[in-house]
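Given next are the chains, with one letter for each unit.
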Amino acid sequence: MPKPLQLDTFLNSVRQRNPHEPEFLQAVEEVAESLIPFINQHPKYLEYRVLERMCEPDRSLSFRVAWEDDHGDIHVNRGYRVQFNNSIGPYKGGLRFHPSVNLSVLKFLGFEQTFKNSLTDLPMGAGKGGADFNPKGKSDREVMRFCQAFMSELFHYIGENVDVPAGDIGVGGREIAYLFGQYKRLTHEFAGVLTGKALEYGGSLVRLEATGYGVVYFLQNMLLFNGREYKGKRCLISGSGNVAIYAAEKALQLGIRVLTLSDSSGYVLFRKGLSEEHLAYIKQIKTVQRGRISEVAEKFSDVEFFPGQKPWQVPAEFALPCATQNELDADDAETLIANGIEAVCEGANMPCTKGAVDRFIAARVLYAPGKASNAGGVAVSGLEMSQNSQRLSWSREELDNMLRDIMRKIHDKCVRYGKEDDWVNYLKGANIAGFVKVVDAMVAFGVM
Ligand code: NDP
């Protein structure tokens, strides 16, 4: 029987194997802290070296994407797909188009996805991919040519029973349509190989809203379970993309006062709280005109724009970071705590630094890690795959009920594995609950 795992020794070995991958190491460290004591109590997991195996992706692919802009100039980007773990289903996870994309970022996202997909209880393995391509400022035709070039290589490695990508930062409905069209052209096959499709060609109702709605359903479950109120309380949201917009919409529907939204240029403060009118305008400028959040302050006199700032200094009871990784650090956490924050629910993946998470946990703030609280998007993607396989479509109401039910079950699993003497450690709960299903499958398959 191997010796019990030591956190430091384990992390050192991961560091040595993955130098220059800070985001990936951060994600592993956060998980290992909760998992190692659990693994040491379960000799089967120790013997099969499941954590060591989970930290190594099944494979990482990188490829050249050459494309031509509207002026006839040729550009070269790097495309990736990290197929992390397919123990409980085909690889599943988004594609990100952003200049910051590199192997470290995609490995952290793929690693987190393994736990997240397991938590949904749907048969999905984990992967992540994308490119260091910046869609901002590109014409529709340029984005189309990039997507076609990207899929011309990626199609070799994906398939409805192999690997089913979806959207993420910089990849929304427009990009999924171009990618799906190119896959169909190359393979002569109309297959559910991507999720996040439009309804006309195999998409699912509620997929667009699912991540944001799911975050707020999780928050609602967490508050109700811990005997807290949410109606009329104040909420800070960062980002103004897919996740942020629909988190804001659901919060508004539940009577929570949304005070902020943001983008990489700064944040806007809704002095009287976000209204339906504000939200309709934001959807228009962000999803149709691809504009900036500052335009909301130009249109409405009760909205103020703070350039270059993050929203975390505004006093509120809830915070939903929904933009990107490491957008909320230890200093921000201190400020939020000093201002009386009650709950932090992650909409983005790993938006809180390790220092921030440690502070929230030490202060007994209700803190939900993204792998649990933002799992609604991939859950409805899983339901899109089921509808595609059965060649049918479920109604909005059915899907919204399924999403609510999945988020409640994820919450309950976090409570089951994260309950400590006088409170629930949702981070520990999510890590252990997500881990068990995957590693039980890995152990059953033997050593590979
Ligand atoms: P979008 O591209 O729709 O929106 C991203 C938002 O985050 C934009 O407002 C963007 O502002 C902002 N943002 C991006 N990078 C930065 C940065 N470095 N600093 C400040 N703001 C930034 O992406 P999504 O809403 O889809 O994704 C947001 C997060 O949620 C990501 O972490 C993603 O991995 C996670 N997620 C998404 C899911 C989904 O279903 N879409 C599912 C689960 C998690 P700007 O326009 O200025 O760049």
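The structure contained in this document is the topic of the report that follows.

About the cut-offs
- For every chain, the first residue of the written sequence is number 1, and numbering continues from 1 along that sequence.
- Per-residue local features of the predicted model are confined to residues with pLDDT of at least 70, and side-chain atom pairs are confined, for both listing and counting, to 80 or more; whole-chain, interface and lining totals are unaffected and use all residues.
- Just so you know, side-chain values use all the structure's heavy atoms and leave hydrogens and water out.
- For the purposes of this entry, the term helix denotes a DSSP run of H or I that reaches at least four residues, the term strand denotes a run of E that reaches at least two, and both are numbered from the N terminus.
- A simple rule labels every residue: compare its accessible area, found with a 1.4 Å probe on the protein chains alone, to the largest value its type can have, and call it buried under 20%, exposed over 50%, or partly exposed in between.
- One heavy atom within 4 Å of a molecule or strand is enough for the residue carrying it to be called near that molecule or strand.
- A 3.5 Å cut-off defines polar contacts: any pair of N or O atoms within that distance qualifies, except that in protein one atom must be a possible hydrogen donor and the other a possible acceptor, and neighbouring residues in sequence count only when both atoms are side-chain atoms.
- Residue polarity follows a fixed list, in which Ala, Val, Leu, Ile, Met, Phe, Trp, Tyr, Cys and Pro are nonpolar, Asp, Glu, Lys and Arg are charged, and the others, Gly among them, are polar.
- Residue ranges for the domains originate in an automatic or database domain assignment.
- Any helix carries an expected span of 1.5 Å times its number of residues minus one.
- Two axes define the bend at a residue: one fitted to the seven residues ending there, one fitted to the seven starting there, and the bend is the angle between them.
- Contacts were defined at the residue level, with two residues in contact if any of their heavy atoms lie within 4.5 Å.
- Here an angle of 0 to 180 degrees is reported between the N-to-C directions of two axes, which are lines fitted to C-alpha atoms, with helices fitted over the stretch in contact.
- Handedness of a crossing is defined here by the sense of rotation of the near helix relative to the far one, left-handed for an anticlockwise turn of less than a right angle and right-handed for a clockwise turn.
- Strands qualify as paired when DSSP identifies two bridges or more between them.
- Viewed with both strands pointing away, a crossover whose connecting path from the first strand over the helix to the second turns clockwise is right-handed.

Concerning the environment of Arg185
Phase 1 of the analysis: In this structure, Arg185 sits in helix H7 (residues 173-187).
Phase 2 of the analysis: The exposed category is assigned to Arg185, whose relative accessible area is 52%.
Phase 3 of the analysis: Taking the C-alpha atoms as reference, Arg185 lies 9.9 Å from Gln148; in sequence the two are 37 residues apart.

Description of the site of the ligand
Phase 1 of the analysis: Around the ligand lies a shell of 25 residues, among which Asp168, Thr211, Ser264, Arg292 and Asn349 are the nearest.
Phase 2 of the analysis: At a separation of 2.4 Å, an oxygen atom of the ligand approaches a polar side-chain atom of Ser264.
Phase 3 of the analysis: Among the elements of the structure, helix H8 (207-225), helix H9 (242-253) and strand S7 (257-263) are those that each provide at least two residues to the shell around the ligand.
Phase 4 of the analysis: When its residues are assigned to classes, the shell around the ligand shows five nonpolar, 13 polar and seven charged.
Phase 5 of the analysis: Both domain 1 (59-188) and domain 2 (208-368) contribute no fewer than three residues apiece to the shell around the ligand.

A look at helix H2 (residues 22-40)
Phase 1 of the analysis: With 19 residues, H2 ought to run about 27 Å at 1.5 Å a step, and its terminal C-alpha atoms sit 26 Å apart, in line with that.
Phase 2 of the analysis: Of all the bends in H2, the greatest, near 40°, is centred on Ala32.
Phase 3 of the analysis: The element H2 is largely enclosed, with a buried count of 14 among its 19 residues.

What to know about the environment of Gly377
Phase 1 of the analysis: Tracing the chain through its elements places Gly377 in helix H15 (residues 376-390).
Phase 2 of the analysis: In this structure the C-alpha to C-alpha distance between Gly377 and Val215, which are 162 residues apart in sequence, comes to 9.3 Å.
Phase 3 of the analysis: Setting aside residues no more than four positions away along its own chain, Gly377 makes contact with Arg207, Ala210 and Thr211.

A few points about the packing of H8 against H15
Phase 1 of the analysis: Contact geometry of H8 with H15 gives a least axis separation of 7 Å together with a crossing angle of 145°. At the point where H8 passes H15, the crossing takes the right-handed sense. Here H8 contributes Arg207, Ala210 and Thr211 to the contact with H15, which in turn contributes Gly376, Gly377, Val380, Ser381 and Glu384.
Phase 2 of the analysis: Residues belonging to the contact of H8 with H15 are distributed by class as follows: two nonpolar, four polar and two charged.

What to know about the sheet that holds strand S12 (residues 366-368)
Phase 1 of the analysis: Here seven strands make up an open sheet; going across it, the order is S9-S8-S7-S6-S10-S11-S12 and the pairing mixed. On the outer flanks of this sheet lie strand S9 (303-307) and S12, each paired with one strand and no other. Across the sheet, the mean angle from the axis of one strand to that of its neighbour is 15°, orientation sign disregarded.
Phase 2 of the analysis: Sitting on the sheet, H8 is in contact with strand S10 (318-321), strand S11 (343-345) and S12, with an inclination near 150° to S11.

Notes on unusual backbone geometry
Among all residues save glycine, negative phi is the norm, and among peptide bonds the norm is trans.
Phase 1 of the analysis: With phi around 50°, Met350 is a residue other than glycine that occupies positive phi space.
Phase 2 of the analysis: Within the secondary structure, Met350 is located in the loop between S11 and helix H13 (354-362).
Phase 3 of the analysis: The phi angle at Arg364 is positive, at roughly 55°, despite the residue not being glycine.
Phase 4 of the analysis: Within the fold, Arg364 resides in the loop between H13 and S12.

Observations regarding the pairing of S7
Phase 1 of the analysis: Counting buried positions along S7 yields six of seven residues, so the element is predominantly enclosed.
Phase 2 of the analysis: Each parallel crossover has a hand, and for strand S6 (residues 234-238) linked through H9 to S7 it is right-handed.
Phase 3 of the analysis: Looking at chain direction, S7 and strand S8 (residues 266-270) are connected through four bridges and run antiparallel. Along S8, the bridge assignment pairs Leu261 with Val268.
Phase 4 of the analysis: Hairpin connection between S7 and S8: a loop of two residues separates the two successive antiparallel strands.

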